[in-house]
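If you want the building blocks of each chain, they are given just below.
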Amino acid sequence: MNPKYEMAYFIRGNARSLAGNNQGAIDDFSKVIELNPNNIDGYNNRGNVKIKIGNLQGALDDYHKALELKPDDFRSLMNSSNAKSRLGDNVGAIADINKVIKSTPDNYTLYFSRGALKLKLKDEEGGLADYNKAVELNPNNYLVYQYRGSAKSNTGDFQGAMSDFEKALELNAQSTTTYILRGILKSKMGDFAGAIADYSTILKTSPTNTLALYNRAYVKSKAGDFKGSIDDFTTALGIRPKDEPCLSGRGNVKMESGDYQGAIDDFTKLLELNPKAKYAYSNRGFAKWHLGLVQEAIVDYNKEIETNPANSFGFFRRGLAVSGLHDYKKAIPDFDKAIEIDPKYGEAYAERGVAKNLTGDKTSGCNDLNKAKELGYNKSEELINKYCK
C-alpha cells in the first residue's frame, strides 16, 4: 500500500472498524488525518470508533475539529450532538440539532431526536411539540407514534398515548416494543385483560421473550391469578435461570399467595446470585416472619438494613417483628427511621402509633394514628377506635 495514499488508509480503517479492530481503525483514520488535516470524514470516522470504545470526550474532540473545518456540516453536528448527549450535555446536544434544523427544516428525524433530548431535560411540552412536528413531516413512521405515545403516557395523557400506540401498530403490526408499551399502559389504566392480551400476542410468535413473560406474570398477579403468574415467571426462569427480576417477582407472588417457604427459596436463590439484591433480605425476612420464624426474620432485616440502608421496608418490618416480641420501645426507632426515609408511609405511622400507645404515650400515639388515617392507611380507623376513643 502506498504510504501516502490517504484513501487506502480510509478504506482499510472502515474495514477494520467493521471487523471490530477498533485500535487498528483509529490508527488508519489518524494516518488519513496526518496525510490530509482537512479530511472531515477522517475526523468523523475516527470519532465514531472512539464512541465504540467508550472514549466519548475523544470522539467529541474529533467532531469539534471537523466542525472547525466546516461549521454547518450535517454529519459532524449530528455526531457532536450524539456525543454530547452521551456525556450528559443534553443542552449542548440540542444546540447542535438546532443548527442542523436551520439548514434542513423538513427532516423529521431531527425533530424526533430533539424531542427525545428535550424529554430528558423534563421539557415535556417541548418534547411533545417536536414529536408532533415529526408526525406532521412523516405521518407513516411507526416509531414516531411509539415514542410520542410513550411520552404521553408518562405525562398522564393515557388516551392520547393509546391512540398513538394503536396508530404505531396499524403501521407496523410486528412491533414487539409497541405491544409491550401498550400492555404497560393498559395495566396502568386497570385493563389487566387487555394488557395480558398484548403480552400474549408477542408470546404467540416469540415464546422465549422473557420481558413479555415477566410483564404478563406481573399483570396476572395484579389480577389475582397467582398460579398463572407463577407459571409465567417459572417459564421465564427456564429460559434465563439467573434472571433476578423474575426470581424476585416469583418470590413476591408466592408470598402473596401464602407459599411462604416457596418465597424463601426464591429469595435465597436471588441472594446467592446477588448478595446486594434490593429488598431480597427484607422480603425473605417477611416470609420467615409469616412462618413464625421471628428471630430469623430479624437477622434478614438486619442484613437488609446493612446492604440497603435507604430501604424503608427493612426498618419497618424489623420494627414490626420487634413489636411482635412485645418490645415496643425498641420497635419505635425502627418506625421512626422508616418514616424518615418515606414520610408518606401510612402503615409505619400506624404501627408506631400502636407501639407508642402500648408504652403509655397515648397522645403522641394517637397523633400517629390520625396521621396514618390522613395518609389513607385503610386500618387506621379501626386502630383509632381501639386506642384513642
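Residues numbered from 1 in each chain as written. Predicted model: local features only at pLDDT ≥ 70, side-chain atom pairs only at ≥ 80, totals over all residues. Heavy atoms only, no water.

### Looking at the overall build of the protein
Move 1: A tally of helices and strands in the protein yields 23 helices and zero strands.
Move 2: Taken over the C-alpha trace, the protein has a radius of gyration of 28 Å; the compact-globule value for 389 residues is 21 Å, which it surpasses by more than 25%.
Move 3: In the protein, buried positions account for 49% of the 389 residues.
Move 4: Partitioning the contacts of the protein with sequence separation of at least 6, the portion at a separation of at least 24 is 40%.
Move 5: Accessible surface computed for the protein: about 19300 Å², of which carbon and sulfur atoms make up 50%.
Move 6: Placing the 54 positive and 50 negative side-chain charges of the protein at their respective mean positions leaves the two points 1 Å apart. (Helix = DSSP H or I, 4+ residues; strand = E, 2+ residues; numbered from the N terminus. Rg over C-alpha atoms; globule rule 2.2 N^0.38 Å. Buried < 20%, exposed > 50% of the residue type's maximum accessible area, 1.4 Å probe, protein only. Contact = heavy atoms within 4.5 Å. Areas by Shrake-Rupley, 256 points an atom, 1.4 Å probe, with all protein chains shown as cover. Lys, Arg positive; Asp, Glu negative; His and termini not counted. Charge placed at Lys NZ, Arg CZ, Asp CG, Glu CD.)

### Points about the packing of helix H5 (residues 74-86) against helix H6 (residues 90-103)
Move 1: Close contact between H5 and H6 brings their axes to 7 Å; oriented N to C, the two are set at 165°. One finds that H5 runs roughly antiparallel with respect to H6. Considering the relative orientation of H5 and H6, their crossing is left-handed. For the pair H5 and H6, contact is made by Phe74, Leu77, Met78, Ser80, Ser81, Lys84 and Ser85 and by Asn90, Gly92, Ala93, Asp96, Ile97, Lys99 and Val100, respectively.
Move 2: Here the residues of the contact of H5 with H6 sort into six nonpolar, five polar and three charged. (Axes fitted to C-alpha atoms, helices over the stretch in contact; angles between N-to-C directions. Parallel < 35°, antiparallel > 145°, perpendicular 65-115°, else oblique. Left-handed = near helix turned anticlockwise from the far one by under 90°. Nonpolar A, V, L, I, M, F, W, Y, C, P; charged D, E, K, R; others polar.)

### Some words on the environment of tyrosine 179
Move 1: Tracing the sequence through the fold places tyrosine 179 in helix H11 (residues 176-188).
Move 2: Along the sequence, tyrosine 179 and glutamate 244 sit 65 residues apart, while their C-alpha atoms lie 23 Å from each other.

### Regarding the packing of helix H1 (residues 6-19) against helix H2 (residues 22-35)
Packed helix pairs are characterised by how far apart their axes lie and by the angle those axes make with each other.
Move 1: Packing of H1 against H2 brings their axes to within 8 Å, and their N-to-C directions diverge by 160°. When the axis of H1 is compared with that of H2, the two are roughly antiparallel. The interaxial crossing formed by H1 with H2 has left-handed handedness. Every residue of H2 that contacts H1 at Glu6, Tyr9, Phe10, Arg12, Gly13, Asn14, Arg16 and Ser17 is listed here: Asn22, Gly24, Ala25, Asp28, Phe29, Lys31, Val32 and Leu35.
Move 2: Residues that form the contact of H1 with H2 fall into these classes: six nonpolar, five polar and five charged.

### Notes on a nonpolar patch on the surface
Move 1: On the surface, Tyr5, Met7 and Ile11 cluster together into a nonpolar patch covering about 320 Å² of accessible area.
Move 2: Assignment of secondary structure puts tyrosine 5 in the segment before H1. (Patch = residues over 30% accessible without salt bridge, like charges linked within 9 Å, V, L, I, M, F, W, Y side chains within 5 Å. Salt bridge = Lys/Arg side-chain N within 4 Å of Asp/Glu carboxyl O.)

### Points about the pattern of salt bridges
Move 1: Evaluation of the coordinates by the stated rule reveals 33 salt bridges.
Move 2: Measuring nitrogen to oxygen at the nearest pair gives 2.8 Å for the salt bridge that ties lysine 373 to glutamate 381.
Move 3: Judged by its relative accessible area of 34%, glutamate 381 falls in the partly exposed class.
Move 4: Put simply, Arg284, Lys288, Glu296 and Asp300 are held in one network by salt bridges that share partners.

### Looking at the nonpolar core
Move 1: Counting residues in each nonpolar core, the largest one holds 56 residues, and the members touching the most others are Phe316, Leu369 and Leu383.
Move 2: Ranked by residue count, the leading element in this core is helix H20 (residues 328-341), at six residues.
Move 3: Within the second largest apolar cluster, 20 residues are counted, among which are Leu77, Ile101, Phe112 and Ala151. (Core = buried A, V, L, I, M, F, W, Y, C linked by side-chain atoms within 4.5 Å.)

### Observations regarding unusual backbone geometry
Move 1: A positive phi angle is found at lysine 122, which is not glycine, with a value near 70°.
Move 2: Tracing the backbone shows lysine 122 in the loop between helix H7 (108-120) and helix H8 (124-137).
Move 3: With a relative accessible area of 68%, lysine 122 lands in the exposed category.
Move 4: A positive phi angle is found at histidine 326, which is not glycine, with a value near 65°.
Move 5: Mapped onto the secondary structure, histidine 326 falls in the loop between helix H19 (312-324) and H20.
Move 6: Classification of histidine 326 by relative accessible area gives exposed; the value is 58%.

### Here's the deal with the packing of aromatic side chains
Where two aromatic rings form a pair, the distance of their centres and the angle of their planes describe that pair.
Move 1: This structure, assessed with the given rule, holds nine aromatic pairs.
Move 2: Aromatic side chains tyrosine 214 and phenylalanine 233 sit 5.6 Å apart centroid to centroid with 65° between the ring planes, which places their arrangement in the edge-to-face category. On the criterion of sequence distance, the pair formed by tyrosine 214 in helix H13 (residues 210-222) and phenylalanine 233 in helix H14 (residues 226-239) is long-range, its members being 19 residues apart.
Move 3: We classify tyrosine 214 as partly exposed; its relative accessible area is 26%.
Move 4: Its relative accessible area of 2% is what places phenylalanine 233 among the buried residues. (Phe/Tyr/Trp six-rings, centres within 6.5 Å; stacked < 30°, edge-to-face > 60°.)

### Considerations on the environment of aspartate 259
Move 1: Its place among the elements puts aspartate 259 in the loop between helix H15 (244-256) and helix H16 (260-273).
Move 2: With relative accessibility at 35%, the residue aspartate 259 sits in the partly exposed group.
Move 3: It is 9.9 Å that separates the C-alpha atoms of aspartate 259 and leucine 291, two residues lying 32 residues apart in sequence.

Honestly, it's all geometry; don't read function into it.
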